[in-house]
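Results of the structural survey
Next come the chains, spelled out residue by residue.
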Amino acid sequence: MKTCQDTAELLSDYLENQLPKEDADLLKSHISDCPACEAFIKSFRVASETTRKVLLRQIPQDFNHRLTSFLRERTKQG
Amino acid sequence: MTTRKAAPDSALPPALDAEQARKRADKDHDLGLVKKAQAGDYAAFEELVTRHSGKTYALALGMLRNASDAEEVVQDTFLNVFTHLSTFRGDSAFTSWLYRVAANNALMKLRKRRREPVDSIETMLPSFHEDGHHTHMPGVWAARSADKLVDDKELAAILEGALGRLPEQYRVVLLMRDVDGLTNEEISDVMGLSIPAVKSRLHRARLAVREELDRKYKKD
Ligand SMILES: [Zn+2]
């Protein structure tokens, strides 16, 4: 028997296939009967994907150009 | 004793062979560029910069949440790399070295600031009924795709606030894994942490960010 709390605690390992089969099977059977866990897992994944996207989209368009110019000047190249 | 690994239906795509092959090729390409740069080829150094500047910036920005501070950290990081290029032996990936320097520079900058209020991670984690059941369903945001959510300014602001409230040792692990795409093993190498410590910090940081979104994002 696994609870919602067990599921939440083991979620990263579960999603990355790092759990022993016995534990993964117990979680899987809990989740298939638990809409709250199913929704929680979805929200957990979407939160981490959104974190990535929110940060990567803030890289300024001309950032690499500015950086390479700065480095050329400071390293006395070009 | 061998443990069999299960593949749950809802699992993230397993580390595919193709993905691993791509990572391997990227690492080898970096090491080739480092060797050329060490021999004085500036164009090779510049290619290293261009290959990694974006993700280094994202790491610094996530740590500092200030664009000009993040830019400064990236500048310093690549200057450090340039200066110490000859000391790099190639025993581990170039990116492990790069992210170690970047994380240290970002942490140093954080420490120079007036101390920001940081929460204890425990207050940011979900709570459960005594029998271990969830107390509520996640809000409607959770049913949306990341592509939709990323366009929502309110949600992006909550997310950045959540990163800022994470203790920095959790924040840096989350960013390296979920933004820069390092593996747990790479992060353990970069940060000098055991793998269980990396996994525990990463997981709690993910739970905390999810929880913050759920507590604070109220829009339907
Ligand atoms: Zn449940």
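These numbers were taken from a predicted model, which means no experiment stands behind them.

Here's the deal with the side chain of Glu-212 of chain B
With respect to the helices and strands, the residue Glu-212 of chain B is situated in helix α9 (residues 195–216). Dropping the residues within four chain positions of it, Glu-212 of chain B is found in contact with Met-124, Ile-158, Ala-162, Arg-165 and Tyr-217 of chain B.

Let's talk about the domain arrangement of chain B
Residues and elements named next belong to chain B. Per the domain assignment, the segments of chain B are domain 1 (10–116) and domain 2 (117–220). The interface is formed by 18 residues belonging to domain 1 together with 20 residues belonging to domain 2. Connecting domain 1 to domain 2 are four salt bridges. Where Arg-111 meets Glu-168, a salt bridge forms, and the shortest distance between an N and an O atom there is 2.8 Å. Applying the counting rule to domain 1 against domain 2 returns seven residue pairs in polar contact (both at pLDDT 80 or more). When contributions to the side of domain 1 that touches domain 2 are tallied by element, the ones reaching two or more residues are α1 (17–38), α2 (42–64) and α4 (94–112). No other element matches the seven residues that α4 contributes to the side of domain 1 that touches domain 2. A per-class count over the side of domain 1 that touches domain 2 returns seven nonpolar, three polar and eight charged.

The rules behind each value
- Residues numbered from 1 in each chain as written.
- Chains lettered and ligands numbered in written order.
- Predicted model: local features only at pLDDT ≥ 70, side-chain atom pairs only at ≥ 80, totals over all residues.
- Heavy atoms only, no water.
- Helix = DSSP H or I, 4+ residues; strand = E, 2+ residues; numbered from the N terminus.
- Contact = heavy atoms within 4.5 Å.
- Domains from an automatic or database assignment.
- Salt bridge = Lys/Arg side-chain N within 4 Å of Asp/Glu carboxyl O.
- Polar contact = N/O pair within 3.5 Å; in protein donor to acceptor, adjacent residues only side chain to side chain.
- Nonpolar A, V, L, I, M, F, W, Y, C, P; charged D, E, K, R; others polar.

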